[in-house]
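Examination of the molecular architecture
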Amino acid sequence: MNNILTQIGIENYIFLCVTLFCVGIFGVLYRRNAIIVFMSIEIMLNAVNLLFVAFSTYHQDTQGQVFVFFSMAVAAAEVAVGLAILVSIFRNIGSISIDNLKNLKG
Amino acid sequence: MSTVLILFCVLSAITLLTAFLTIFSRNPIHSAIYLVICFFSIAGHYLLLNAQFLAIVHIIVYSGAIMILLLFTIMLMNLNEADEVHKPRFTRLGAVVSFCLVCLVLIKIFIDSKPIVEYDYTGQDYQSIKVLGKALLNEYMVPFEFASILLLVAMIGTVLLSKKEKLEK
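What counts as what
Residues take numbers from 1 onward in each chain, read along the sequence in its written order. Here chains are named by letter from A upward and ligands by number from 1 upward, in the order in which they appear as written. Per-residue local features are limited, in this predicted model, to residues with pLDDT of at least 70; the limit for side-chain atom pairs, both in listing and counting, is 80 or more; totals at the level of whole chains, interfaces and linings are taken over all residues. Only hydrogens and water are set aside when side-chain values are computed; all heavy atoms of the structure are taken into account. Within this document, salt bridges are pairs made up of a side-chain nitrogen of Lys or Arg and a carboxyl oxygen of Asp or Glu, the two lying within 4 Å of each other. Helix and strand labels come from DSSP, where a helix needs a run of H or I of at least four residues and a strand needs a run of E of at least two; each type is numbered from the N terminus. Any residue under 20% of the maximum accessible area for its type is buried, any over 50% is exposed, and the rest in between are partly exposed; the area is computed with a 1.4 Å probe on protein chains only. By definition, pLDDT measures how confident the predictor is in each residue, and it falls between 0 and 100. A contact between two residues is defined here by any heavy atoms of the two lying within 4.5 Å. Buried area: the accessible surface (1.4 Å probe) lost by two parts on joining, summed over both. Each polar contact in these results corresponds to two N or O atoms within 3.5 Å; when the atoms are within protein, one needs to be able to donate a hydrogen and the other to accept it, and residues that are neighboring in sequence are counted only if both atoms are side-chain atoms. Under the convention adopted here, Pro, Cys and the residues Ala, Val, Leu, Ile, Met, Phe, Trp and Tyr are nonpolar, Asp, Glu, Lys and Arg are charged, and Gly plus all remaining residues are polar. Aromatic rings from Phe, Tyr and Trp, taking only the six-membered ring of Trp, are treated as a pair when their centres fall within 6.5 Å; an angle between ring planes under 30 degrees marks them as stacked, one over 60 as edge-to-face, and anything in between as tilted. Here the expected span of a helix is defined as 1.5 Å times the quantity of residues minus one. Think of a nonpolar core as a cluster: buried Ala, Val, Leu, Ile, Met, Phe, Trp, Tyr and Cys residues, connected wherever their side-chain atoms sit within 4.5 Å. Only protein atoms enter the calculation, which uses a 1 Å grid: trapped sets of points that fit a 1.4 Å probe without letting it out are cavities, open sets showing protein on both sides within 12 Å along at least five of seven lines are pockets, and any residue with an atom within 4 Å of a point is a lining residue. Grid points are joined across faces, edges and corners, and a volume is the space filled by probe spheres set on the points.

1. With respect to the pattern of salt bridges
All names here are of chain B.
- For the structure on display, the rule yields one salt bridge over all chains.
- A salt bridge links aspartate 112 to lysine 108, with the nearest nitrogen and oxygen atoms 3.5 Å apart. Taken as a pair, aspartate 112 and lysine 108 lie in helix α4 (residues 89–112) at a separation of four residues, close to a single helical turn.
- With relative accessibility at 54%, the residue aspartate 112 sits in the exposed group.

2. Structural notes on the confidence of the model for chain A
- On average, residues of chain A score 86 in pLDDT, and 96% of them reach the 70 mark or higher.
- Ranking the elements of chain A by mean pLDDT puts helix α1 (residues 4–8) of chain A last, at 77, and helix α3 (residues 34–59) of chain A first, at 91.

3. Here we look at the interface of chain B and chain A
- With 82 residues of chain B in contact, the opposing surface of chain A contributes 72 residues.
- Overall, the association of chain B and chain A removes approximately 7,400 Å² of surface from exposure, summing both partners, and the carbon and sulfur fraction of that is 76%.
- Considering only the side of chain B, the residues that lose the most area to chain A are Ile23, Tyr119 and Tyr126 of chain B, jointly responsible for 11% of the buried surface there.
- If you look at where chain B meets chain A, you find five residue pairs in polar contact (both at pLDDT 80 or more).
- Listing elements by their share of the side of chain B that touches chain A, those giving two or more residues are α1 (3–24), α2 (28–48), α3 (52–77), α4, α5 (129–138) and α6 (141–162) of chain B.
- Element by element, the count of residues in the side of chain B that touches chain A is highest for α3 of chain B, at 13 residues.
- Here the residues of the side of chain B that touches chain A are counted per class, giving 57 nonpolar, 16 polar and nine charged.

4. As for the environment of isoleucine 37 of chain B
Residue and element names in this part refer to chain B.
- In this structure, isoleucine 37 sits in helix α2.
- Along the backbone, isoleucine 37 and threonine 22 are 15 residues apart, and their C-alpha atoms lie at a distance of 9.8 Å.
- Beyond its immediate sequence surroundings of up to four residues, isoleucine 37 is in contact with Ile14 and Thr18.

5. What about the packing of aromatic side chains?
- Tallied over the entire structure, the rule returns 15 aromatic pairs over all chains.
- Seen from their ring centres, phenylalanine 52 of chain A and phenylalanine 67 of chain A are 6.3 Å apart, and the 20° between their planes marks the pair as stacked. Linking phenylalanine 52 of chain A in helix α3 with phenylalanine 67 of chain A in helix α4 (residues 63–93), this pair joins segments that are 15 residues apart in sequence.
- Taking relative accessible area as the criterion, phenylalanine 67 of chain A reaches 40% and is therefore assigned partly exposed.
- Note on phenylalanine 20 of chain B and phenylalanine 99 of chain B: the rings are 5.9 Å apart at their centroids and 85° apart in plane angle, and the pair reads as edge-to-face. Highlighted residues: phenylalanine 20 of chain B in helix α1 and phenylalanine 99 of chain B in helix α4, separated in sequence by 79 residues.
- With a relative accessible area of 26%, phenylalanine 20 of chain B lands in the partly exposed category.
- Grouped by ring-pair contacts, the aromatic residues Phe52, Phe67, Phe69 and Phe70 of chain A together with Phe53, Tyr140 and Phe144 of chain B constitute a single cluster.

6. Some remarks on unusual backbone geometry
- Located in the positive-phi region is glutamine 60 of chain A, a residue other than glycine, with phi close to 55°.
- Unusually for a residue other than glycine, asparagine 50 of chain B sits at a positive phi of about 65°.
- When you line up the elements, asparagine 50 of chain B lands in the loop between α2 and α3.
- Residue classification places asparagine 50 of chain B among the partly exposed positions, given a relative accessible area of 40%.

7. Details of α1 of chain B
- The first and last C-alpha atoms of α1 of chain B sit 32 Å apart over 22 residues, in line with the 32 Å expected at 1.5 Å per residue.
- Burial in α1 of chain B covers these residues: Val4, Leu5, Phe8, Leu11, Ser12, Thr15, Thr18, Ala19, Thr22 and Ile23 of chain B.
- Where α1 of chain B is buried, its residues touch α1, α2 (10–30) and α3 of chain A together with α2 of chain B.

8. Re the nonpolar core
- Formed by 74 residues in total, the largest nonpolar core has its most connected members in Ile35 of chain A together with Tyr46 of chain B.
- Residues within four places of isoleucine 35 of chain A in sequence aside, it is in contact with Leu86 and Ile96 of chain A together with Leu70, Thr73, Ile74, Met77 and Leu79 of chain B.

9. As for the layout of surface pockets
- There is about 530 Å³ of room inside the largest pocket.
- Looking at the largest pocket, it is lined by 26 residues, and the ones nearest its centre are Ala76, Ala77 and Ala80 of chain A together with Leu69 and Thr158 of chain B.
- Broken down by element, the lining of the largest pocket gets its largest block of residues, ten residues, from α4 of chain A.
- Its residues assigned to classes, the lining of the largest pocket comprises 21 nonpolar, four polar and one charged.

And the structure:
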């Protein structure tokens, strides 16, 4: 077993990641609950990370995995701050439906 | 069909199915649990690609930290199916149609593109924890430190945001 991609093929990984990314977009458009929208964003981030790793394996290069590491750090920070914002919105308004946030516009 | 390909297909099926279920389940706690399964299957993909470091970090950060945070938030807000509001049917139809269109266009593009046949293998080690650590602390030293500052700032911001304000009386 030299390279795993000789057996699977990078096209399969591209298909998988594209479909996963589309599922994430679909979740953002379809649901109204802000937490589910958050989860969809996580799915999209993960699709991109998986594609990074696949291409890093394809090019036999370390850099792709380093970038996945940084994007994970950013995702962790984003989730922490976003959930804190959601909690304070829930305290003030009493729901986390996205439609109730329209008084946030200027 | 080799074993690896079968493994890949099973993992992909689990990933896509649980991602869909995350979006469609009405109860937010169910979606969080489906998302955990989705993250574990993605960690399986990383292991399949022989990226052990990222698999471990993915399980610790996503399946551990982020999911616990999400579950705690869901339980803190005491959400359940009762206060789930539905989007207007028009918006949902639009979401479905745009999802199908985006998928169709992207998959058609990838089917029509030229297939990749050559896979070179130099034999050198490029993804073990040792090599990744050297890359992180040599070439990517400054971004690595900035990541730590980012996490610190996010932590302080979270504490400040979720702190209860004193009642002014």
